[in-house]
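# Architecture at a glance
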Amino acid sequence: GDLNGDGRLDLAVANSSSNTVSVLLGSGTGTFGAKTDYVTGNDPYCVAIGDLNGDGRLDLAVANDSSNTVSVLMGSGTGTFGAKTDYVTGSSPYSVAIRDLNGEGLADLAVANSGSNTISVFLGAGAGTFGAKTDYDTGYAPRCVAIGDLAGDDHADLVVANHGSQTVTVHLGIGDGTFGTPGLVSGPGMSPHTVAIGDLNGDGRADVAVPNSSANTVSVLPGTGTGALGAKTDYVTGASPICAAIGDLNGDGLADLVVSNYNASSVSVLLRSGIGTFAAKTDYATGSSPFDVAIGDLNGDGLADLAVANQGPGTVSVLLGTGSGAFGAKTDYGTGSAPSAVAIGDLNGDGQADLVVANHSSNTLSVLLNSGSGSFGVKTDFATGSSPYSVAIGDLNEDGLADLVVANYSSNTVSVLLGDGSGTFDAKTDLVTGNGPMCVAIGDLNADGHADLAVANATGNTVSVLLGTGTGTFGPKADLGSGNCPSSVAIGDLNGDGRADMAAANSHAGTVTTLLNTGASPWLGVESAPRVAEVLQVHASPNPLVEAARITYSLPAREDVSVCVYDIAGRLVSTLVRGSMTAGAHEARWNLGADGAQDVRAGIYLVELRAGAHRTTTRVAVLR
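### Brief notes about the overall build of the chain
- Along its length, the chain carries one helix and 53 strands.
- Residue pairs in contact within the chain that sit at least 24 positions apart in sequence constitute 41% of those at least 6 positions apart.
- Element-wise, carbon and sulfur atoms account for 51% of the exposed surface of the chain, whose accessible area totals about 23200 Å².

### Concerning the pairing of strand 42 (residues 462-466)
- Of all five residues that make up strand 42, five are buried, and the element is covered over most of its length.
- Burial along strand 42 is two-sided: T462, S464 and L466 facing one way and V463 and V465 facing the other are all buried.
- The pairing of strand 41 (residues 452-457) with strand 42 spans five bridges and is classified as antiparallel. Directly across from V455, in strand 42, lies its bridge partner S464.

### A closer look at unusual backbone geometry
- Positive phi values are uncommon outside glycine, yet A338 reaches one of about 55°.
- Secondary-structure assignment places A338 in the loop between strand 29 (331-334) and strand 30 (339-345).
- The class of A338 is buried, set by a relative accessible area of 14%.
- With phi around 60°, S387 is a residue other than glycine that occupies positive phi space.
- Here S387 lies in the loop between strand 35 (380-383) and strand 36 (388-394).

### A few points about the sheet that holds strand 24 (residues 266-270)
- Read across the open sheet, the four strands follow the order 22-23-24-25; overall the sheet is antiparallel. The sheet is open, and its two borders are formed by strand 22 (241-247) and strand 25 (282-285), each paired with just one other strand. Neighbour-to-neighbour, the strand axes of this sheet turn through a mean angle of 25°, independent of strand direction.
- In this sheet, strand 23 (residues 256-261) lies alongside strand 22 in antiparallel orientation, the contact comprising six bridges. Looking at strand 23, one finds that G247 is bridged to D256.

### Brief notes about the sheet that holds strand 44 (residues 486-492)
- Pairing is antiparallel across the open sheet formed by three strands, whose spatial order is 44-45-46. Each edge of the sheet is formed by a strand with only one pairing partner; in this case those strands are strand 44 and strand 46 (511-515). Looking at each pair of strands side by side, their axes are set apart by 20° on average, direction ignored.
- The pairing of strand 44 with strand 45 (residues 501-506) spans six bridges and is antiparallel. Each bridged residue has a counterpart across the sheet, and for V489 the counterpart in strand 45 is A504.

### Quick look at the pattern of salt bridges
- For the structure shown, the criterion picks out 11 salt bridges.
- Here D381 makes a salt bridge to K379, at a shortest N to O gap of 2.6 Å.
- Among the salt bridges present, the one from D430 reaches K428, with a minimum N-O distance of 2.5 Å.
- A residue is classified by how much of its surface remains accessible, and D430, at 36% relative accessible area, is partly exposed.
- On the basis of relative accessible area, K428 is assigned to the partly exposed category, the value being 32%.

### Notes on the nonpolar core
- Within the largest apolar cluster, 22 residues are counted, with the highest numbers of intra-cluster contacts made by I551, Y553, V561, V563, W590 and Y605.
- Taken together, the elements giving at least two residues each to this core come down to strand 47 (537-541), strand 48 (549-555), strand 49 (559-567), strand 50 (572-581), strand 51 (584-590), strand 52 (603-611) and strand 53 (614-622).

### Some words on the pairing of strand 2 (residues 20-24)
- In terms of residue burial, strand 2 counts as a mostly covered element, since five of its five residues are buried.
- Burial of the side chains of strand 2 extends over both faces: T20, S22 and L24 are buried on one face and V21 and V23 on the other.
- Of the pairings in the sheet, the one linking strand 1 (residues 11-15) to strand 2 comprises five bridges and is antiparallel in character. From the neighbouring strand, A14 faces strand 2, where its bridge partner is V21.
- Between strand 1 and strand 2, which pair antiparallel one after the other, the connecting turn spans four residues, and N19 there sits at a positive phi close to 55°.
- Here four bridges tie strand 2 to strand 3 (residues 36-39), and the two strands are oriented antiparallel to one another. When the bridges of strand 3 are listed, V23 appears paired with T36.

### Overview of the packing of aromatic side chains
- By the definition in use, this model includes 12 aromatic pairs.
- Aromatic pair Y87 and F130: ring centres 5.6 Å apart, planes at 85°, arrangement edge-to-face. Here F130 lies in strand 12 (residues 129-130) and Y87 lies in strand 7 (residues 85-88), a separation of 43 residues in the sequence. Summarising the burial analysis for this pair, Y87 and F130 share the class buried.
- Between Y389 and Y409 the ring centres are 5.9 Å apart and the planes differ by 50°, which places this aromatic pair in the tilted class. Of this pair, Y389 sits in strand 36 while Y409 sits in the loop between strand 37 (403-408) and strand 38 (413-417), and the two are 20 residues apart along the sequence.
- For Y409, a relative accessible area of 27% gives the class partly exposed.
- Taken together, the ring pairs in this structure connect Y262, F291, Y389 and Y409 into an aromatic cluster.
- Sitting over the ring of Y94, R143 keeps its end group 4.5 Å from the ring centre.

How each quantity is defined
- Residues numbered from 1 in each chain as written.
- Predicted model: local features only at pLDDT ≥ 70, side-chain atom pairs only at ≥ 80, totals over all residues.
- Heavy atoms only, no water.
- Helix = DSSP H or I, 4+ residues; strand = E, 2+ residues; numbered from the N terminus.
- Contact = heavy atoms within 4.5 Å.
- Areas by Shrake-Rupley, 256 points an atom, 1.4 Å probe, with all protein chains shown as cover.
- Buried < 20%, exposed > 50% of the residue type's maximum accessible area, 1.4 Å probe, protein only.
- Pairing = 2+ DSSP bridges.
- Axes fitted to C-alpha atoms, helices over the stretch in contact; angles between N-to-C directions.
- Salt bridge = Lys/Arg side-chain N within 4 Å of Asp/Glu carboxyl O.
- Core = buried A, V, L, I, M, F, W, Y, C linked by side-chain atoms within 4.5 Å.
- Phe/Tyr/Trp six-rings, centres within 6.5 Å; stacked < 30°, edge-to-face > 60°.
- Lys NZ or Arg CZ within 6 Å of the ring centre and 35° of its normal.

These figures come from the coordinates and say nothing about function on their own.
This is the structure:
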């Protein structure tokens, strides 16, 4: 943040061994002055920056793991800070986040306590002081807390990554600084490495597939249409699955899965056998240590083929499809050293699918142009940043030609290489990301018609968003919190509102983080015209409630309508209305029963009004 008000970004670093926080003032050129140290509590693990006393100057909050405190240091506006004031937290505070949690215009604190399996909420009392903590239960060993509006009701909610239980807990805010009963998102397995988004059960909603490298499975998590994910179903793969890709592999119009198995030197193909279910895997040999897999028509016969990046020999394997979901023997082509990603696209405008491979150890991209019938010429290499891990293809400057973007793990950058249409590319332009970028995805995240970038930062525990200008240049990054070690990010509409959302696979936490695009968040921009969905209204009264709820809703026009109640994990509880409704005001009643049962538990529930392709929600608190 800008700690001295000169318009340049500065750094604050928590030093766990020296019990200090270091402040390094930026020069504006990417360099920083000598550090100034300030005393904190014992073993500071996390520092957050924000205006804690409302004076327009940035202050610091530091979570101290061994002293069970959070230290607050007030900023002078010149880059210097006063002595710390400590507030007692739970046991082993590991992370701290700052935001107005109760709508009073004051900064509040949320702290994840790894030792006591809680989060502590401190409401601001003014002048940079805070009231006593209120604790909320989490999963086992919470390591990170992030704050955002998950339900689109302008209330701050909390998301906690639980390292020990490999889960995520979601705490929906009531709006007054208190939070409802936590909802649990179970970890998809051990060590999820990548994530893929697609409609895997044919219901028109985006689902998620995650390979679990330690469990030798791929997890399918069905989307509910609200942005939440249902319970996982696991399918056996080969040993150490790393990457999953989704596509129709046998021409039946259904989405199938292919997974690269790092320790088995194979890919597993799982064909869809029913509504959201998959048949047992069929394995096909690749080169050794296959890391990434991509699906495309490589020989122009209209059938799905596979390209696999093999880290061991430094090759890419091409497996041509038969159209039945089966694949022929591999043909290998040389790449750079330790290829970690492969992407398919027409790079020279001849109508044939070409390959580009990110070479982790040689700091290059290899481009292999299609010479016809699914065969490829000798590679041409282009320089990247240090340790490229992921590559994506898209038209970044709107000239109709394919461009490349690559995530560079060791240099904390993404490199943009603009194409000239012949299969060659300009020298790279580097853009700063978070720490340890492992994956980059391209999509229009703010609905302005320009290509934007999303980057998963594994060691920074963030996803960076870089908004495109349409000229091949991008604005500065905005970072969003994820779980522990996000190694992959995918873009898709997870809640059916027409906006691009994101899902990140957190390999160390064993979880998936979903980041819903509200259209009103500063990093995504604000839509210039109101959406139909924003004209819809739904209300519940009384709220909180102990008996029946009166659900009132209004429509701008006749629509096919559903009114449903979901729990905070996204599971359907009750369908109250389904059918065609006229424009105007309507009413329904919920007697606190679930479909087929009665007496739901106390907690927070979401009432969703869906009209045509649009939706809106409100939340209700049930007391018992």
